[in-house]
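Coordinates in review
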Amino acid sequence: METTNVLSIRKIAHSGIDSVDFNDLGFGKYVTDHMFSAEYKFGTWQQPEIIPFQNLIMAPTALALHYGQTVFEGMKAFRMDDGNISIFRIDKHHQRFNRSLERLCMPQLSFELFSEGIKQLVMLDSAWVPKAPGTSLYIRPFMIATEERFGVKISEEYKFIIFAGPVGVYYTKQLKVKIEDTFIRAAKGGTGYAKCGGNYGASFYPTQLANSQGFDQVIWTDGSPELNIEESGTMNIIFVMDGVVTTPPLSDSILDGITRDSFLAIALDLGYKIEERKINVRELIELHSKGKLQEVFGVGTAAVTAPIKTIHMLGKDYTLPADNPDGFSQKAKKILTDIRIGARPDKYKWNTIIC
Ligand SMILES: Cc1ncc(COP(=O)(O)O)c(C=O)c1O
């Protein structure tokens, strides 16, 4: 059964909201009172419910714990100027979730189950959507394989859960990054385009190594001799090169970022030329030497933008111009923020509004 009009809601006895320091939210510290939960078994989704946020009970043999059938999404809800709440681009997150699930042989979710789950949870915990500029309610839908069996196989049982938590501003400083030329995040034919847990676990070691060398993040490449640029840590990457907004083309090794897509739409509207094409390290070094590498920044739901100040390429540090309010990155970020909070018309129909 996949209808959510029969959704059962069990409310928490006492809200935990009083223990939240809304002046120091951090990222990933707080969760709201409730969570959405649905189980998949006998080849279909069972009746979903909203229950108090709680630990999961799982057998040590649950397949997700061993063979990595785990997929997640990361999205946000915003407090609008008029007090309503907007949830950003539910449809695009749903499509990406299903693409990830397909790659991991996990069951698809209807748009209704996904979007109603999110809307009902956000509505119930609406008091948790923070108001201060730059803050939001982060929403984490995820699915895990729960069948109890330790032989390697595709699970026949799953849990789909959505929880949420208020978050503050993610990055505060301009980053120093290195082009990673030893390790890769994703390979052609692999799972890079899927938001599956294994991609993140496998990226920790090279990132930790880069941190120990004094870098905030790594820029991933495709591992070819040309070192074509792919992503920036857990964000997509955008360059402004000689006035052109340029980003690597989507492929099976790049996550189809919703912020990336939104920035490209805004860039077109602002009159920028955009190019989605391969960019290699030699080209970056050459452009830098000519003073044409104007902006380099990461884009993603968590931070929106992460401006890069220094890039380490082929053994040398290259410094970029300071992030400035007239640059594309800051202009686009302001437009995106204004759309989300209702300070600018939502001409792209990105917001789902909850009153
Ligand atoms: C590997 C990776 N690339 C890019 C992104 C940016 O995607 P989005 O803008 O949808 O958050 C994310 C974050 O979700 C990510 O984990």
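Here's a quick rundown of the structure.

Conventions and cut-offs
Numbering of residues starts from 1 in every chain and runs along the sequence as written. Confidence filtering applies because this is a predicted model: local features only for residues at pLDDT of at least 70, side-chain atom pairs given and counted only at 80 or more, and all residues used for totals across whole chains, interfaces and linings. In computing side-chain values, all of the structure's heavy atoms are included and hydrogens and water are not. For two strands to count as paired, DSSP must find a minimum of two bridges between them. Secondary structure elements follow DSSP: runs of H or I of four or more residues count as helices, runs of E of two or more count as strands, with numbering from the N terminus. Residues are labelled near a given molecule or strand when at least one of their non-hydrogen atoms is within 4 Å of it. Distance and chemistry together define a polar contact, namely a pair of N or O atoms within 3.5 Å, with one atom able to donate a hydrogen and the other to accept it when in protein, and with adjacent residues in sequence counting only for side-chain atoms on both sides. The accessible surface values rely on the Shrake-Rupley method and a 1.4 Å probe; as for residues, cover is taken only from the protein chains in view. Amino acids are sorted into nonpolar (Ala, Val, Leu, Ile, Met, Phe, Trp, Tyr, Cys and Pro), charged (Asp, Glu, Lys and Arg) and polar (every other residue, Gly among them). Note on aromatic pairs: the rings of Phe, Tyr and Trp (six-membered ring only in Trp) are paired at centre separations within 6.5 Å, and the planes decide the class, stacked below 30 degrees, edge-to-face beyond 60, tilted for the rest. Buried means the residue's accessible area, taken with a 1.4 Å probe over protein chains only, is under 20% of the maximum for its type, while exposed means over 50%, and partly exposed covers the values in between.

The subject of this paragraph is the pairing of strand E4 (residues 49-52). Looking at chain direction, strand E1 (residues 8-9) and E4 are connected through 2 bridges and run parallel. Looking across to E4, one finds that Ile-9 is bridged to Ile-50.

Turning our attention to the site of the ligand. Near the ligand there are 15 residues, and of these Lys-195, Tyr-200, Glu-231, Thr-259 and Thr-301 occur at the shortest range. Note that an oxygen atom of the ligand is positioned 2.7 Å from one of the side-chain N or O atoms of Arg-96. One of the side-chain N or O atoms of Thr-301 is found 2.6 Å from an oxygen atom in the ligand. Notes on the ligand: free accessible area 390 Å², of which the protein chains cover 95%. For the shell around the ligand, the secondary structure elements donating two or more residues are helix H5 (258-269) and strand E16 (293-300). Grouping the constituent residues of the shell around the ligand by class yields 5 nonpolar, 6 polar and 4 charged.

Our next topic: the packing of aromatic side chains. This model, assessed by the stated rule, comprises 18 aromatic pairs. For the pair Trp-45 and Phe-160, a centre-to-centre distance of 6.3 Å together with 70° between the ring planes defines the contact as edge-to-face. Of this pair, Trp-45 sits in strand E3 (residues 44-45) while Phe-160 sits in strand E9 (residues 158-167); the two residues are 115 residues apart in sequence, bridging distant segments of the chain. A relative accessible area of 2% places Trp-45 in the buried class. Taking 5.9 Å as the distance between ring centres and 85° as the angle between the ring planes, the aromatic pair formed by Phe-53 and Phe-163 counts as edge-to-face. You can see Phe-53 sitting in the loop between E4 and helix H1 (64-67) and its partner Phe-163 sitting in strand E9, a full 110 residues away along the chain.

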